[in-house]
Amino acid sequence: MDEALHHLFSQLHWTLLGLAILVILAVLGKAADWLVGEAVALSERSGVPKSIIGATIVSLGTTTPEVAVSVLAALKGSPGLALGNAVGSVICDTGLILGLISVMSPLRLDRRIVNRQGWVQLGAAAALVAASFPWRSPEGVLSVGGRLPQVAGFAFLAGLAAYLWQSARWIERERVSEDALLEEFEQDVAAPLPAIVAKLLGGLALVVLSAQALIPAVIEAAARLHVPESIIAGTVVAFGTSLPELVTAIAATRHGHGELAVGTVIGADILNVLFVAGAAAAVTPAGLHADGHFFVVLYPIMLFVLIVFRLGVIFSGDSLKRPFGILMLLAYCLYVAVSFWAPGRLPAG
């Protein structure tokens with residue numbers, strides 16, 4: 001499918017290619033609206049907090065593009081692209097998406113739930129850096145880099161299973177009996193439960209397929225602008241596979257469901273480490289090589305935006321304040337600028 005799409009987009013005139021990108025973005029936005037509506041309806045019907053729905057069901061579906069791209073890249077012998085996509089997606093999810101939507105409007109936080117999920121988010125990222133670090137020869141970390149071994153991939157997948165199991169337990173404990181107030185956006189809340197689930201899955205599928213169609217179109221446009229593929233691997237691919245989280249979070253925020261947006265991003269970050277990087281490493285006997293660029297740029301910026309988010313949750317009260325969003329957004333801009341400034345040091349594509 002990817003090769004066919006690449007061939008199709010390569011044959012299009014600039015005008016048609018631009019129109020195709022706009023159409024795909026429009027479909028993606030509509031699919032995200034649909035997805036958020038059904039996720040909120042499911043949350044209201046089951047009595048589960050929106051942030052937990054966002055951190056499990058929605059995130060699992062919107063992380064599918066990253067998993068597909070990274071596993072395929074690892075199998076085809078491009079471990080840098082596989083790991084770079086996972087780490088770049090965490091930076092994009094937290095720095096760009098959370099930063100952008102918190103600048104748009106202060107995000108409401110369910111502090112108890114966000115704290116609980118947020119520590120898992122930061123812990124998973126720290127585990128990824130530690131597992132990739134060359135402990136036997138640390139002096140070469142900034143030049144040679146390190147490696148995420150296959151055994152760590154299996155450990156991350158085991159952690160994913162434990163996280164989903166624990167999330168199910170949290171869901172049971174968070175279940176409430178009182179009926180939630182219906183809002184205009186939640187018009188499907190009274191629909192039969194199987195219909196809500198079917199629409200939710202349909203929305204997830206449409207979001208994923210739209211994002212997958214967008215990636216080769218954006219890559220073709222970048223190639224026509226003579227942008228090196230190494231930069232595309234570290235920035236455009238990560239951004240493209242994070243589009244489901246972006247449009248879902250923006251749609252949720254626009255409709256006043258900031259908790260769902262935050263939960264979606266936190267869950268996506270956890271899954272980018274445990275699911276995306278874990279699966280890509282698990283299918284590669286030699287593991288995933290993390291060159292010096294990871295330890296010079298990607299890992300430090302990833303940890304920085306996650307720490308800023310944690311501090312934002314601690315000091316912001318019930319809403320994530322704009323200054324923290326601005327700081328995360330600036331960190332993402334710095335990441336993109338440094339990547340374009342030093343293309344030779346980007347993860348291999």
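About the cut-offs
Residues numbered from 1 in each chain as written. Predicted model: local features only at pLDDT ≥ 70, side-chain atom pairs only at ≥ 80, totals over all residues. Heavy atoms only, no water. Helix = DSSP H or I, 4+ residues; strand = E, 2+ residues; numbered from the N terminus. Buried < 20%, exposed > 50% of the residue type's maximum accessible area, 1.4 Å probe, protein only. Contact = heavy atoms within 4.5 Å. Areas by Shrake-Rupley, 256 points an atom, 1.4 Å probe, with all protein chains shown as cover. Phe/Tyr/Trp six-rings, centres within 6.5 Å; stacked < 30°, edge-to-face > 60°. pLDDT = per-residue confidence, 0-100. Axes fitted to C-alpha atoms, helices over the stretch in contact; angles between N-to-C directions. Parallel < 35°, antiparallel > 145°, perpendicular 65-115°, else oblique. Left-handed = near helix turned anticlockwise from the far one by under 90°. Nonpolar A, V, L, I, M, F, W, Y, C, P; charged D, E, K, R; others polar. Patch = residues over 30% accessible without salt bridge, like charges linked within 9 Å, V, L, I, M, F, W, Y side chains within 5 Å. Salt bridge = Lys/Arg side-chain N within 4 Å of Asp/Glu carboxyl O. Expected span 1.5 Å × (residues − 1). Core = buried A, V, L, I, M, F, W, Y, C linked by side-chain atoms within 4.5 Å.

Details of the overall build of the protein
For step 1, the next point in the chain: Each helix and strand in the protein was counted, giving 13 helices and 4 strands.
For step 2, the next point in the chain: By the burial criterion, 56% of the 349 residues in the protein qualify as buried.
For step 3, the next point in the chain: Within the protein, counting contacts between residues at least 6 apart in sequence, those at least 24 apart form 86% of the total.
For step 4, the next point in the chain: By element, 70% of the accessible surface of the protein is carried by carbon and sulfur atoms, the whole surface being about 14400 Å².

Examining the packing of aromatic side chains
For step 1, the next point in the chain: Within this structure, the stated rule accounts for 5 aromatic pairs.
For step 2, the next point in the chain: Taken together, a centroid distance of 6.0 Å and an interplanar angle of 80° make the contact between F133 and F295 edge-to-face. One end of the pair, F133, is in the loop between α6 (111-132) and β2 (146-148); the other, F295, is in helix α12 (residues 292-315), and 162 residues separate them in sequence.
For step 3, the next point in the chain: Judged by relative accessible area, F133 falls into the partly exposed class, the value being 23%.
For step 4, the next point in the chain: Centroid distance Y332 to Y335: 6.2 Å. Interplanar angle 50°. Geometry classified as tilted.

Concerning the confidence of the model for the protein
For step 1, the next point in the chain: Put simply, the protein has an average pLDDT of 80, and 85% of its residues get 70 or more.
For step 2, the next point in the chain: When mean pLDDT is compared element by element in the protein, β2 scores highest at 94, while helix α3 (residues 50-62) scores lowest at 66.
For step 3, the next point in the chain: Note that pLDDT drops below 50 for residues 176-186; the model gives that stretch 17 contacts with residues more than four away or on any other chain.
For step 4, the next point in the chain: Predicted confidence is poor over residues 343-349, with pLDDT under 50, and the contacts of this stretch with residues over four places away or in other chains come to 26 contacts.

A short note on the packing of α6 against helix α11 (residues 258-282)
For step 1, the next point in the chain: It is at 9 Å that the axes of α6 and α11 come closest, and there the two elements cross at 30°. Taken together, the axes of α6 and α11 lie roughly parallel to each other. Crossing of α6 over α11 shows left-handed handedness. The segment α6 lies against α11, with V114, Q117, G118, V120, Q121, A124, A125 and L128 engaging V262, I266, D269, I270, V273, L274 and A277.
For step 2, the next point in the chain: Among the residues forming the contact of α6 with α11, the class breakdown is 11 nonpolar, 3 polar and 1 charged.

Digging into a nonpolar patch on the surface
For step 1, the next point in the chain: A cluster of nonpolar side chains, contributed by L16, L19, V23, V27, W34 and L206, occupies part of the molecular surface with about 490 Å² of accessible area.
For step 2, the next point in the chain: When residues of the nonpolar patch are assigned to their parent elements, the largest contribution, 5 residues, is made by helix α2 (residues 14-46).
For step 3, the next point in the chain: In this fold, V23 is placed in helix α2.

Regarding helix α10 (residues 243-254)
Residues lying three or four places apart along an α-helix face the same way, a consequence of the helix completing one turn every 3.6 residues.
For step 1, the next point in the chain: With 12 residues, α10 ought to run about 16 Å at 1.5 Å a step, and its terminal C-alpha atoms sit 16 Å apart, in line with that.
For step 2, the next point in the chain: Counting buried positions over the 12 residues of α10 gives 10, a clear majority of the element.
For step 3, the next point in the chain: Along α10, the positions that sit buried rather than exposed are L243, P244, E245, L246, V247, T248, A249, A251, A252 and T253.
For step 4, the next point in the chain: G256, located one to two residues past α10, shows a positive phi value of around 85°.

Some details on the nonpolar core
For step 1, the next point in the chain: Of all hydrophobic cores here, the largest spans 99 residues; its most connected members are L83, V87, L128, L148, Y299, M302 and F309.
For step 2, the next point in the chain: Sorting elements by how many residues they give to this core places α11 first, with 14 residues.
For step 3, the next point in the chain: With sequence-adjacent residues up to four places away left out, F309 is seen in contact with T94, L98, V114, Q121, V262, I266, L320 and M328.

Observations regarding the environment of R111
For step 1, the next point in the chain: Inspection of the secondary structure assignment puts R111 in helix α6.
For step 2, the next point in the chain: Judged by its relative accessible area of 26%, R111 is partly exposed.
For step 3, the next point in the chain: Sequence separation between R111 and S316 is 205 residues, and the spatial gap between their C-alpha atoms is 9.7 Å.
For step 4, the next point in the chain: Discounting chain neighbours no more than four positions away, the residues touching R111 are V313, I314, G317 and D318.

What to know about the environment of I101
For step 1, the next point in the chain: As for its position among the elements, I101 is in helix α5 (residues 79-104).
For step 2, the next point in the chain: Remark: the alpha-carbon pair of I101 and A249, spanning 148 residues in sequence, is separated by 7.5 Å.
For step 3, the next point in the chain: If we ignore the near neighbours within four places in the chain, the residues touching I101 are L107, A249, I250, T253 and A261.

Some remarks on helix α8 (residues 193-224)
For step 1, the next point in the chain: Taking 1.5 Å of rise per residue, 32 residues should cover 46 Å, and α8 covers 47 Å from first to last C-alpha, within 8% of that figure.
For step 2, the next point in the chain: Positive phi appears at H226, one or two residues downstream of α8, with a value of about 65°.

Let's talk about the environment of F9
For step 1, the next point in the chain: One can find F9 in helix α1 (residues 2-10).
For step 2, the next point in the chain: C-alpha separation for the pair F9 and E220, spaced 211 residues apart in sequence, amounts to 6.7 Å.
For step 3, the next point in the chain: Not counting residues within four places of it along the chain, the set of residues in contact with F9 comprises L17, A20, I24, A213, P216, A217, E220 and R224.

Overview of the packing of α6 against α12
For step 1, the next point in the chain: It is at 10 Å that the axes of α6 and α12 come closest, and there the two elements cross at 165°. Judged by the inter-axis angle, α6 sits roughly antiparallel to α12. Considering the relative orientation of α6 and α12, their crossing is left-handed. On the side of α6, the interface is formed by R111, V114, N115, G118, W119, Q121, L122, A125, A126, L128, V129 and S132, while α12 contributes F295, Y299, M302, L303, L306, I307, F309, R310, V313 and I314.
For step 2, the next point in the chain: A breakdown of the residues in the contact of α6 with α12 according to their chemical character gives 16 nonpolar, 4 polar and 2 charged.

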